[in-house]
Every structure is written in structure tokens, then in C-alpha cells.
Amino acid sequence: MGVYHAGSRALQDRAGVRDRADHVGRSLGQDIKPVAAAFLEQQPLLVVGGPDPETGRVWAHALTGTPGFVRATGPRRVSVDAAHAFGRGTTVGTIALDPRTRRRMRLNGRLRPTATGFAVDADQVFSNCPKYIQRRESYETVDRTPGAPRRLTELGSGEADFIAAADTFFLATVHPAGADASHRGGSPGFVQAVSPRELTWPDYPGNAMFLSLGNLYADPRAGLLFLDWETGSTLQLTGEARTGFAEDGTRTVRFTLTEALWTPDALPLRWSAPEYSPANPEPAR
């Protein structure tokens, strides 16, 4: 398969950005360059997304560790020292996002377990611009005991408020040959729980590749991850998402929930308050 599959191509053509997407797509490769390897080793957080091998549901997971827990161990391989129940051969998307520098790096490929965690053999390696990333100057590692995860089939008022306060979430999607994990950012309120089982958010203009929305065009399964950058609590959702197009060309994604997982104090990181991206549009209220 080339850089783009039919789902991404369909949306690029609808938006009239195929030429731009071809230009941007030249930045995608399989090799982990030295600057990318150095970036990975500085990160305390990695988001991994993909399908559950037993249920087929797509989830996005937050993994943390002392910087260096994610590292390049080959020109096309990343190793992660973190225990997680991923199946051998599972296709996954990963994203390392550094709020301190507003940089992000994505690596998609096939996972295999190792003695200390897992490795991912890369199919795609690329970076994105800092657009819509909120800057957070620093973080500290704190001693937290994660609370018992709570499974939900509907969102209550607490979860809806948590979502409405978010300035960032991560989106996991899949396509016939792989998976992807991406970042979505905006001013608080850009994501709304419009019912106990539905969320909506605007799709802001980006890099023209339409990787995530192209995946959803081909396969609507999706996983969302919201995290509290101060308390470390996480809200994971799995379900299906579809994109709506308005006459003026704007796009809105509607997500329908199948299952959610709320985990208080899940992550041992406390980040400083955000400086919102100057690219953020004001959300519609």
C-alpha cells in the first residue's frame, strides 16, 4: 500500500487537497532518524492505539515511564518498557507528544511482545506541526495509586463535564492494513457530550493528509482518550465515529459510544497549566 489508502484519498478529493497531501506525504517514511530517536527518549508519555484482538474494539491507551522507557532500538523499531496486554502481531498507532516543545511524533506499525514490554516495527514514521497543541512548561512525577477502573456504557454528568473541560484528546483509528493514533486539540468546550452516548467535535484544518478521517471513512471503529493533565485521571472510550460535511466545507465528527473506562489517578504525571495554542478557534457554545 502507498502512503494513502482509498479512504484518505476520497476525503482529500472531496476537500480538493490531493496535491497538497501528496506533497506532505513525502515526509512519511519507515526510518527513525536520529533527531526522532532523541525526541522519543525524552518523553514520559506514549499513547498507543489499536484494536483489541479479542473484541475488535479500538482503544487508545496512555503509557508512562521514566524518560528512556520509549527508545529506538533499530532503524525501524521502537521498544517500550511497559507492561500491557497487546497481542502479538497487533497493528498499532503510537504518538509521542511533548507539551513543553509543542512537538509530536507518530509511528505506526506491527507490535510484538518483548521481555520488558513490547516493540513496534515501523511502517510509517512522521512528525506533525505544532498546530492545536497546548503548551505546558513542565511536569513532575508524583506518587499516585491508580483507582479501580470503572466501566460505563453511558456517560454521566461527571464524564460529560470532564470532556467539556478538555483541551486535548487522542484518537485511535484503523484501516485494513494498520492503525493510527493522532492528537486533537482546541479550546475547552471544543468537544461536547451531546447525549449519554454521543460526542461531537469540529475537525479543524490540518495537514491535508486525512489519515484519521480517512481511516474512519474506511472503518468507523474508533478509540478516544481524554486525560486530566493535573490529576492523571483518564477517560477511554470505544465506539464508532463518522464525519459530517457542511455546505461551507466545515466538518464535524460524531462519535457513538459502545463502552467507556474511567480510571482515577491513572497516570503519575502532573503537568503545569496550559498556554493555549494561538491556532485554536473559539469553540461553538
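Residues numbered from 1 in each chain as written. Predicted model: local features only at pLDDT ≥ 70, side-chain atom pairs only at ≥ 80, totals over all residues. Heavy atoms only, no water.

**Quick look at the overall build of the protein chain**
Thought 1: What the protein chain contains, in helices and strands, is five helices and 17 strands.
Thought 2: In terms of overall size, the protein chain behaves like a compact globule, its C-alpha atoms giving a radius of gyration of 18 Å where 285 residues would be expected to give roughly 19 Å.
Thought 3: The C-alpha extent of the protein chain, read off along each of the three principal axes, is 50 × 45 × 40 Å.
Thought 4: Taking all contacts inside the protein chain whose residues are at least 6 apart in sequence as the whole, residues at least 24 apart take part in 68%.
Thought 5: Approximately 12,800 Å² of the protein chain is accessible, and the part contributed by carbon and sulfur atoms is 49%.
Thought 6: A gap of 5 Å separates the mean positions of the 32 positive and 31 negative side-chain charges of the protein chain. (Helix = DSSP H or I, 4+ residues; strand = E, 2+ residues; numbered from the N terminus. Rg over C-alpha atoms; globule rule 2.2 N^0.38 Å. Contact = heavy atoms within 4.5 Å. Areas by Shrake-Rupley, 256 points an atom, 1.4 Å probe, with all protein chains shown as cover. Lys, Arg positive; Asp, Glu negative; His and termini not counted. Charge placed at Lys NZ, Arg CZ, Asp CG, Glu CD.)

**A look at the packing of aromatic side chains**
Thought 1: Enumeration according to the criterion identifies eight aromatic pairs in this entry.
Thought 2: Consider the rings of phenylalanine 169 and tryptophan 201, whose centres lie 4.9 Å apart with planes at 70°: the pair is edge-to-face. One end of the pair, phenylalanine 169, is in strand β10 (residues 168–175); the other, tryptophan 201, is in strand β13 (residues 198–202), with 32 residues separating them in the sequence. As far as the burial class goes, phenylalanine 169 and tryptophan 201 line up, both buried.
Thought 3: A ring pair is formed by tryptophan 229 and tryptophan 271, whose centres lie 5.8 Å apart and whose planes are at 80°; its orientation type is edge-to-face. Here tryptophan 229 is found in the loop between β14 (221–227) and β15 (234–245), whereas its partner tryptophan 271 is found in strand β17 (residues 269–271), with 42 residues between them in sequence. (Phe/Tyr/Trp six-rings, centres within 6.5 Å; stacked < 30°, edge-to-face > 60°. Buried < 20%, exposed > 50% of the residue type's maximum accessible area, 1.4 Å probe, protein only.)

**Details of the nonpolar core**
Thought 1: Ranked by size, the top nonpolar core spans 30 residues in total, and within it Leu199, Leu224, Phe226, Leu237 and Phe255 carry the most contacts.
Thought 2: Within the residue set of this core, elements represented by two or more residues are α4 (157–164), β10, β13, α5 (211–218), β14, β15 and β16 (251–263).
Thought 3: Tallying contributions element by element places β16 first for this core, with five residues.
Thought 4: Excluding its chain neighbours within four sequence positions, the residues that come into contact with phenylalanine 255 are Arg197, Glu198, Leu199, Trp201, Ala222, Leu224, Leu237, Thr238, Gly239, Glu240 and Ala241.
Thought 5: Counting 23 residues, the second largest nonpolar core, distinct from the first, contains Phe39, Met105, Leu107 and Ala122. (Core = buried A, V, L, I, M, F, W, Y, C linked by side-chain atoms within 4.5 Å.)

**Considering the sheet that holds strand β5 (residues 91–98)**
Thought 1: One open sheet holds the seven strands; their spatial order is β2-β1-β5-β6-β7-β4-β3, and the pairing between them is antiparallel. Each edge of the open sheet carries a strand with a single partner, namely β2 (58–64) and β3 (70–74). With strand direction ignored, the average angle separating the axes of adjacent strands in the sheet is 35°.
Thought 2: Strand direction decides the pairing type here: strand β1 (residues 45–51) and β5, joined by three bridges, are antiparallel. Within β5, the position partnered with valine 48 by the bridge is threonine 94. (Pairing = 2+ DSSP bridges. Axes fitted to C-alpha atoms, helices over the stretch in contact; angles between N-to-C directions.)

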